[in-house]
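So the chains spell out like this:
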Amino acid sequence: LVKVVGSILLFFLIEADNSWARHFYPSSLKGSIKLLPTALLFAVQNQLLFEALHNLDPAVYQALSQLKILWAGVFSVILLGKSLSQIQWVALVLLAFGASL
């Protein structure tokens, strides 16, 4: 909630010359609405991360947060059908190994 209020306040402070009205034209709103699901998922992710930080030891939290990169790579192959080179696979394995230490 604090981030939302801060963002809105900064938006109006930065755009104090009244040129901010162009952001509310229907053509601009149409493009912004496409980002709404991503923004909501990002907000939920942040809340879950704070909850995890509250309930986990710092070392466990840090190890799990480092594994996000590994899972992003794995899911990009599985869900998006991307192909990774051998060097990229080695880098992901080394990252997982380093995060497990």
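Residues numbered from 1 in each chain as written. Predicted model: local features only at pLDDT ≥ 70, side-chain atom pairs only at ≥ 80, totals over all residues. Heavy atoms only, no water.

Draft legend 1. Just the overall build of the protein, in detail. From N to C terminus, the protein includes five helices and zero strands. Along the chain direction, N to C, the helices and strands of the protein fall in the order α-α-α-α-α. Looking at the 101 residues of the protein, the share that counts as buried comes to 10%. Counting contacts in the protein only where the partners sit at least 6 residues apart, residues at least 24 apart contribute 29% of the total. (Helix = DSSP H or I, 4+ residues; strand = E, 2+ residues; numbered from the N terminus. Buried < 20%, exposed > 50% of the residue type's maximum accessible area, 1.4 Å probe, protein only. Contact = heavy atoms within 4.5 Å.)

Draft legend 2. Summary view of the layout of surface pockets. The calculated volume of the largest pocket comes to roughly 580 Å³. Among the secondary structure elements, those contributing two or more residues to the lining of the largest pocket are α1 (2–14) and α3 (36–55). If you tally residues by element for the lining of the largest pocket, the top one is α3, at eight residues. Here the residues of the lining of the largest pocket sort into 13 nonpolar, three polar and one charged. (1 Å grid on protein atoms, 1.4 Å probe; cavity = no way out; pocket = protein on both sides within 12 Å on 5 of 7 lines; lining within 4 Å. Points joined across faces, edges and corners; volume = space filled by probe spheres on them. Nonpolar A, V, L, I, M, F, W, Y, C, P; charged D, E, K, R; others polar.)

Draft legend 3. Just helix α4 (residues 58–78), in detail. With 21 residues, α4 extends 30 Å from end C-alpha to end C-alpha; this agrees with the ideal 30 Å at 1.5 Å per step. Remark: the principal bend of α4, roughly 30°, maps to I69. Of all the positions in α4, only Y61, S65, L70, G73, V74 and S76 are classed as buried. (Expected span 1.5 Å × (residues − 1). Bend = angle between axes of the 7 residues up to and from the residue.)

Draft legend 4. The arrangement of the side chain of S76 in detail. Secondary-structure assignment places S76 in helix α4. Those residues in contact with S76 that lie beyond four places of it in its chain are G81 and K82.

Draft legend 5. A look at the confidence of the model for the protein. Averaged over the protein, the pLDDT score is 81; the fraction of residues at 70 or greater is 83%. Averaged over each element, pLDDT in the protein is lowest for helix α2 (residues 26–33) (70) and highest for α3 (87). (pLDDT = per-residue confidence, 0-100.)

Draft legend 6. Geometry of a nonpolar patch on the surface. Nonpolar side chains collect at one region of the surface, where W71, F75, I78, L79 and L80 lie side by side and expose about 590 Å² of accessible area between them. By the element assignment, I78 lies in helix α4. The class of I78 is exposed, set by a relative accessible area of 57%. (Patch = residues over 30% accessible without salt bridge, like charges linked within 9 Å, V, L, I, M, F, W, Y side chains within 5 Å. Areas by Shrake-Rupley, 256 points an atom, 1.4 Å probe, with all protein chains shown as cover. Salt bridge = Lys/Arg side-chain N within 4 Å of Asp/Glu carboxyl O.)

Draft legend 7. Seen up close, the environment of A43. Among the secondary structure elements, A43 is positioned in helix α3. In this structure, the C-alpha to C-alpha distance between A43 and K3, residues 40 residues apart in sequence, is 10.0 Å.

Draft legend 8. Focus on the environment of I69. Here I69 is to be found in helix α4. Given a relative accessible area of 49%, I69 falls into the partly exposed group. Separated by 23 residues in the primary sequence, I69 and L92 place their C-alpha atoms 8.0 Å from one another.

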